[in-house]
Amino acid sequence: MTVSIHLDDIVQEYPRPGGGLNRVIDELTLHIDAPEIVMLLGPSGCGKSTLLRMMGGMRPYGVQTPTSGSVSIDGEPCLGPHDDTVMVFQQYANRPDLTVRSNISFPFRLGLWRRRVPVAEQRRRVDRILEAVGLADKAELRPWQLSGGQNQRVALARALVLKPRILLMDEPFGALDAQTREEMQALLVELFQENPCAVVFVTHDVTEALLLADRVVVLSAGPAKVVDDFLIPEARPRSHAWQRSTATLALEERILGHLHASGGPGQVRVTV
Amino acid sequence: MWNPYVPLGASQRRTLSLVGVVSVLISWSLLSGLGLVGPAKLPAPWDVGGALVRLSWDVGRGESPLLIATLWSTSRVLVAGMLVIVIGVPAGVAMGASPKIDAIFSPLIDPFRSAPIVAVLPILVMWLGIGELMKITFLFLGAVVYLVPMVRDAVRSVPHTYFTSARDLGATELEAVRLSLLPMAMPRIADAITVAVSVMWTYITVAEYINAERGLGQLIQNARRFSAMDQVFAGIFVIIALALITYSAMVALRRRVFHWETT
Ligand SMILES: Nc1ncnc2c1ncn2[C@@H]1O[C@H](COP(=O)(O)OP(=O)(O)O)[C@@H](O)[C@H]1O
Ligand SMILES: [Mg+2]
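Residues numbered from 1 in each chain as written. Chains lettered and ligands numbered in written order. Predicted model: local features only at pLDDT ≥ 70, side-chain atom pairs only at ≥ 80, totals over all residues. Heavy atoms only, no water.

(A) Structural detail: the overall build of chain B. Broken down by element type, chain B carries 11 helices and zero strands. Helices and strands in chain B line up, N terminus first, as α-α-α-α-α-α-α-α-α-α-α. Considered along the principal axes of its C-alpha atoms, chain B spans approximately 70 × 60 × 35 Å. The proportion of buried residues among the 263 residues of chain B is 39%. Surface accessibility of chain B: about 14800 Å² in total, with carbon and sulfur atoms responsible for 71%. (Helix = DSSP H or I, 4+ residues; strand = E, 2+ residues; numbered from the N terminus. Buried < 20%, exposed > 50% of the residue type's maximum accessible area, 1.4 Å probe, protein only. Areas by Shrake-Rupley, 256 points an atom, 1.4 Å probe, with all protein chains shown as cover.)

Structure (structure tokens):
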């Protein structure tokens, strides 16, 4: 599968409440040209969500995004919502009136996906993903009967059932407890291996970044620029031994160094 | 100790409610029994009971005047209720989903919530005559001005994440409204319908006073004309009972259908 996301010379300015402009992102360039997991880190408020929404074509009301520069997907300029990306947020927005199964198959009620995926295939995919995220026995329950982690699995399943070519994840596991977060990370790796796509994953958790990334991109704050961009060739799933190796710890220090330089401590997390 | 957040037990609640009703009944009986208020002004409870029995079966004609009147009134509420739902709910949803549509129609509807709709009745009579058309229209107008703003607010109070996440998944605007906003607003739309039906039960007598032809309003109006206060009271109680039954049935139905909403 081929996929490309090109952000070129992106500038983003938001109006300040008092008047004047706040330049959040400054001439940022980032190219993603393969189905890989890109972990995007940066100090809080530096513009990560803004970038992610740009790639998803979800633009805020009343503000032009980007202010200048271009976003293109597979060589085509990305001007609005498009069908190749699906987003997953920390806030999972599962529908309380629908069962787990209906929450996951919800996109297939939309004309766009109904036309694209034949009914038999829809059903096969929903069954398959229910198994994969370990919710097959909970298919007829409702979101409020599930834990936070299980709810996030529903949200992830709803995204993956579409087999998107680009998966945009904005701190999806940020609100989960440590153990559930590890389960979700393992699940993502498993599902990615089955169905590789371009994943852009925003996190403030350095450990998570090192565990999942093919590639790590670190942004600075005020305004955001790419300050580091490197590959991690280690195969997944990654062992505890690898995570504790000096080489990995050095990478961790490298990322933390960037984040502290531009954002100050306290805004990032290391979980071990 | 007083704490407004601790609900009463079911039996304690029932006992206290019963105490309220029974003490009113006792005071009422005392007022009548001791002759403090004459029967022309306030009929005794037992006289009202007697009137209820007599209205339930008219031996001379071999029919039940109360049942016939109830059926007439209920059908009117039913027909007007259908119209209110079929027209009012889509209108309210459109206003809730589109600020533009709301801006156009709100000034036309909102003032009537506080306007005396009863004052419109003579105009309706002038335009539509005194038949069924006028009665149904009156009930419809009276209820729809309550329903539409409530439906609008129901749609607006749905957290916007449900709309945006549907849009993120590729829903068209119409799909996001139909498949996300509408189902999420349904419990409160059901509340709006319940209120609308209650409002219609309060207006039904007014609608039926005019030309006084069949219905509970007519029954009351006729009784008043012959100064049969016991029958007036009997008619009022029947309307209250019908309104209460409809209300509890709708609340129970809502709780069953939208049980997800309470959590
Ligand atoms: N629609 C908007 N209007 C004005 N300012 C915004 C808007 N969206 C984001 N911002 C500002 O842009 C900056 C970056 O926001 P965001 O992309 O959410 O950062 P991050 O996800 O990295 O924490 C923040 O300072 C935020 O206040
Ligand atoms: Mg963010």
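What follows continues from the structure just given.
(B) Region of the structure containing the nonpolar core. Within the largest apolar cluster, 62 residues are counted, with the highest numbers of intra-cluster contacts made by Phe138, Leu147 and Ile189 of chain B. Considering each element in turn, this core owes the most residues, 17 residues, to helix H9 (residues 173-209) of chain B. When neighbours within four sequence positions are excluded, Phe138 of chain B is seen to be in contact with Ile117, Val118, Leu121, Leu124, Tyr203, Val206 and Ala207 of chain B. The next biggest cluster of nonpolar side chains, apart from the first, holds 61 residues, and it includes Met39, Val126, Val154 and Val206 of chain A. (Core = buried A, V, L, I, M, F, W, Y, C linked by side-chain atoms within 4.5 Å. Contact = heavy atoms within 4.5 Å.)

(C) Focus on unusual backbone geometry. Residue and element names in this part refer to chain A. Residues Gly222 and Pro223 are joined by a peptide bond in cis, for which omega reads -10°. Position of Pro223 among the secondary structure elements: in the loop between strand E9 (215-219) and strand E10 (226-231). Geometrically, the link from Arg236 to Pro237 is a cis peptide bond, its omega value of -5° lying close to zero. Considering the arrangement of structural elements, one finds Pro237 in the loop between E10 and helix H8 (240-244). With phi around 50°, Asp9 is a residue other than glycine that occupies positive phi space.

(D) Summary view of the pairing of strand E6 (residues 85-89) of chain A. All names here are of chain A. Extensive coverage of E6 is indicated by the burial of four of its five residues. Bridging between E6 and strand E7 (residues 166-170) involves five bridges; their strand directions are parallel. Bridge assignment links Thr85 to a residue of E7, and that residue is Ile166. (Pairing = 2+ DSSP bridges.)

(E) Quick peek at the site of ligand 1. All names here are of chain A. Around ligand 1, the structure places Tyr14, Val24, Ser44, Gly45, Cys46, Gly47, Lys48, Ser49, Thr50 and Pro60. Take Tyr14: an N or O atom from its side chain is 3.5 Å from a nitrogen atom of ligand 1. Note that an oxygen atom of ligand 1 is positioned 2.6 Å from one of the side-chain N or O atoms of Ser49. When ligand 1 is considered free in solution it has 560 Å² of accessible area, and contact with the protein chains removes 65% of it. No other element matches helix H1 (residues 48-56), which puts three residues into the shell around ligand 1. Counted by class, the shell around ligand 1 contains four nonpolar, five polar and one charged residues. (Near = heavy atom within 4 Å. Polar contact = N/O pair within 3.5 Å; in protein donor to acceptor, adjacent residues only side chain to side chain. Nonpolar A, V, L, I, M, F, W, Y, C, P; charged D, E, K, R; others polar.)

(F) Seen up close, the sheet that holds strand E1 (residues 5-15) of chain A. Residues and elements named next belong to chain A. Read from one edge of the open sheet, four strands run E2-E1-E4-E5, paired in antiparallel fashion. Looking along the sheet, the strands with just one partner apiece sit at the ends: strand E2 (21-32) and strand E5 (76-77). Where H1 meets the sheet, it contacts E1, E2 and strand E4 (68-73), and its direction lies at approximately 125° from that of E1. (Axes fitted to C-alpha atoms, helices over the stretch in contact; angles between N-to-C directions.)

(G) The confidence of the model for chain A, seen in detail. Averaged over every residue, the pLDDT of chain A is 90; residues scoring 70 or more account for 96%. When pLDDT is averaged over each element of chain A, strand E3 (residues 37-41) of chain A comes out on top at 97 and E6 of chain A at the bottom at 87. (pLDDT = per-residue confidence, 0-100.)

(H) Highlighting the environment of Ala157 of chain A. All names here are of chain A. Structurally, the position occupied by Ala157 is in helix H5 (residues 148-160). Ala157 gets classed as buried once you look at its relative accessible area, which sits at 0%. Remark: the alpha-carbon pair of Ala157 and Thr203, spanning 46 residues in sequence, is separated by 19 Å.

(I) Quick peek at the sheet that holds E7 of chain A. Residues and elements named next belong to chain A. Read across the open sheet, the six strands follow the order E6-E7-E8-E3-E9-E10; overall the sheet is mixed. Taken across any chain shown, the strands that pair with only one partner, and hence form the sheet edges, are E6 and E10. Shown here is a sheet whose adjacent strand axes are inclined to one another by a mean of 15°, direction ignored.

(J) Region of interest: the side chain of Lys135 of chain B. Summarising the element assignment, Lys135 of chain B is placed in helix H7 (residues 132-156). Among the polar contacts listed, one links the side chain of Lys135 of chain B to the backbone oxygen of Ile130 of chain B, at a separation of 3.3 Å.

(K) Quick peek at the state of the cysteines. All names here are of chain A. Under the criterion given, the structure shown has zero disulfides over all chains. Sulfur of Cys78: no disulfide; nearest cysteine sulfur belongs to Cys197 and is 16 Å away. The buried category is assigned to Cys78, whose relative accessible area is 6%. (Disulfide = S-S within 2.5 Å.)

(L) The domain arrangement of chain B, seen in detail. Under the domain assignment used here, chain B contains domain 1 (1-42) and domain 2 (61-257). Relative to domain 2 of chain B, the C-alpha centre of domain 1 of chain B lies at a distance of 30 Å. (Domains from an automatic or database assignment.)

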